[in-house]
Amino acid sequence: MKKITIAIDGHSSCGKSTMAKDLAREIGYIYIDSGAMYRCCTLFALHQGLINPDGSIQTEELERRMSDIHVSFRLNAETGHPDTYLNNTCVEREIRTMEVSSHVSPIAALPFVRAAMTSQQQEIGREGGIVMDGRDIGTAVFPNAEMKVFVTASDEIRAQRRYDELIAKGESADFQQVLENLRERDRIDSTRAVAPLRQAEDALVLDNSHMSIPEQKQWLIDRFKERIHA
Ligand code: DC
């Protein structure tokens with residue numbers, strides 16, 4: 001049976017990655033977290049001192065250095081999910097810190113960063129058989145994806161999930177700060193000039209504010225079965 005392309009877009013911390021990972025594992029597809037690629041660019045910029053103390057970015061230097069950024073994914077046998085590597089170093093934990101989260105949206109809004117990551121994503125997904133999550137997968141990266149899902153949930157519920165995740169990882173977090181960071185990211189992601197976050201016209205919408213993880217997984221699997229048998 002032909003393997004299709006599945007695009008899952010939506011707001012920050014709405015559980016897209018969990019759903020996308022679970023679906024990919026269930027149906028034997030490759031899972032790609034496109035947000036992790038923008039997080040790698042941000043981590044690179046932080047490591048290279050290209051983000052100034054006031055948060056502004058040394059864009060010309062970053063643009064010159066883009067070819068030094070190589071993102072790859074390797075399956076972690078223990079978790080069964082892919083880990084993110086930046087220039088052959090596993091950065092799965094480092095890219096999820098609040099420091100990276102608070103700088104990633106302005107980096108992801110830079111046209112040259114988007115162009116580089118979009119072409120890498122298209123290359124990875126060329127053969128289909130992929131579940132990719134992000135903000136612009138169904139609109140810009142794979143506008144012809146056979147299945148598109150747009151996920152959302154209320155701000156407070158999303159911030160609570162993100163806060164719980166940080167605490168579970170042993171990181172210090174303040175709920176109000178997490179909520180503000182999430183709203184600010186949504187604002188930048190939705191209003192940027194290039195490939196802003198928006199629902200594709202042909203996307204299925206899922207508001208998972210009041211759904212459990214197993215319910216979401218089942219919903220996605222049901223939609224996938226409908227799609228491949230249509
Ligand atoms: O999904 P996430 O929170 O890990 O994404 C990190 C940032 O990257 C977020 O601010 C939006 C941006 N992003 C994007 O612009 N396009 C994507 N396809 C995925 C993420």
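Within each chain, residue numbers correspond to sequence positions counted from 1 in written order. Local features in this predicted model are restricted to residues of pLDDT 70 or higher, and side-chain atom pairs are both shown and tallied only at a pLDDT of 80 or more, whereas totals for entire chains, interfaces and linings draw on every residue. For the side-chain quantities, the full set of heavy atoms in the structure was used; hydrogens and water were omitted.

S.K.: How would you explain the site of the ligand if you had to name every residue and give the values?
M.R.: The environment of the ligand is made up of 15 residues, and the closest members are R39, S105, R114, R185 and R192. Note that an oxygen atom of the ligand is positioned 2.7 Å from one of the side-chain N or O atoms of S105. Within 3.5 Å is the distance limit for a polar contact, defined as a pair of N or O atoms, with the added protein rule that one can donate a hydrogen and the other accept it, and that residues adjacent in sequence qualify only through two side-chain atoms. Taking D189, its side chain carries an N or O atom lying 3.2 Å from an oxygen atom of the ligand. Areas reported as accessible are Shrake-Rupley estimates using a 1.4 Å probe. Residue values count occlusion only from the protein chains shown. In the complex, the protein chains occlude 95% of the 440 Å² of accessible area that the ligand would expose alone. Secondary structure elements with two or more residues in the shell around the ligand: α2 (34–47), α4 (98–108) and α8 (175–191). Residues are labelled near a given molecule or strand when at least one of their non-hydrogen atoms is within 4 Å of it. Runs of H or I in DSSP of at least four residues are treated as helices and runs of E of at least two as strands, each being numbered from the N terminus.

S.K.: Describe in detail the sheet that holds strand β1 (residues 5–10), supporting the description with residues and values.
M.R.: Taken in spatial order, the five strands of this open sheet run β2-β6-β1-β7-β8, and their pairing is parallel. The sheet is open, and its two borders are formed by β2 (30–33) and β8 (204–207), each paired with just one other strand. Each adjacent strand pair in this sheet contributes to an overall mean axis angle of 20 degrees, direction not counted. At least two DSSP bridges between two strands are needed for those strands to be called paired. Here five bridges tie β1 to strand β7 (residues 147–152), and the two strands are oriented parallel to one another. Along β7, the bridge assignment pairs G10 with V151. Of the strands in this sheet, β1, β2, β6 (130–134), β7 and β8 touch helix α1 (residues 16–27), which is tilted by about 180 degrees from β6. What makes two residues a contact is simply this: any of their non-hydrogen atoms within 4.5 Å. For helices, the axis comes from a line fit to the C-alpha atoms of the stretch in contact; other axes are also lines fit to C-alpha atoms, and the angle between any two N-to-C directions lies between 0 and 180 degrees. Of the strands in this sheet, β2 and β6 touch α2, which is tilted by about 40 degrees from β2.

S.K.: Lay out the packing of α2 against helix α5 (residues 111–124) in plain terms, naming residues and giving numbers.
M.R.: Running from N to C, α2 and α5 cross one another at 140 degrees; their axes reach a closest spacing of 11 Å. As judged from the angle between their axes, α2 and α5 are oblique. The interaxial crossing formed by α2 with α5 has right-handed handedness. Contact residues: α2 offers S34, M37, Y38 and C41, while α5 offers V113, R114, M117, T118, Q120, Q121 and I124. The nonpolar class holds Ala, Val, Leu, Ile, Met, Phe, Trp, Tyr, Cys and Pro. Asp, Glu, Lys and Arg form the charged class, and all remaining residues, Gly among them, are polar. Across the contact of α2 with α5, the residue classes tally to six nonpolar, four polar and one charged. By definition in this entry, angles of less than 35 degrees are roughly parallel, angles greater than 145 are roughly antiparallel, angles of 65 to 115 are roughly perpendicular, and the rest are oblique. Handedness of each helix crossing follows the sense of rotation of the near helix against the far helix: counterclockwise by less than a right angle gives left-handed, clockwise gives right-handed.

S.K.: How would you explain the packing of aromatic side chains if you had to name every residue and give the values?
M.R.: Only centres within 6.5 Å qualify two rings of Phe, Tyr or Trp (six-membered ring in Trp) as a pair; their planes then separate them into stacked at under 30 degrees, edge-to-face at over 60, and tilted for everything else. Inspection of the entire model under this criterion finds two aromatic pairs. Measuring from ring centre to ring centre gives 5.7 Å for Y29 and F224, while their planes differ by 85 degrees; the resulting arrangement is edge-to-face. With Y29 in the loop between α1 and β2 and F224 in helix α9 (residues 213–229), the pair connects residues that are 195 residues apart, well separated along the chain. By relative accessible area, F224 is classed as buried at 8%. The rule for a charge over a ring is simple: NZ of Lys or CZ of Arg within 6 Å of the ring centre, and within 35 degrees of the ring normal. Taking NZ or CZ as reference, R74 lies 4.0 Å from the ring centre of Y85, over its face. Here the basic side chain of R223 rests over the ring of W219, its NZ or CZ set 5.2 Å away from the ring centre. Under the scheme applied here, a residue whose accessible area is under 20% of the maximum for its type counts as buried, over 50% as exposed, and between as partly exposed, the area being computed with a 1.4 Å probe on protein chains only.

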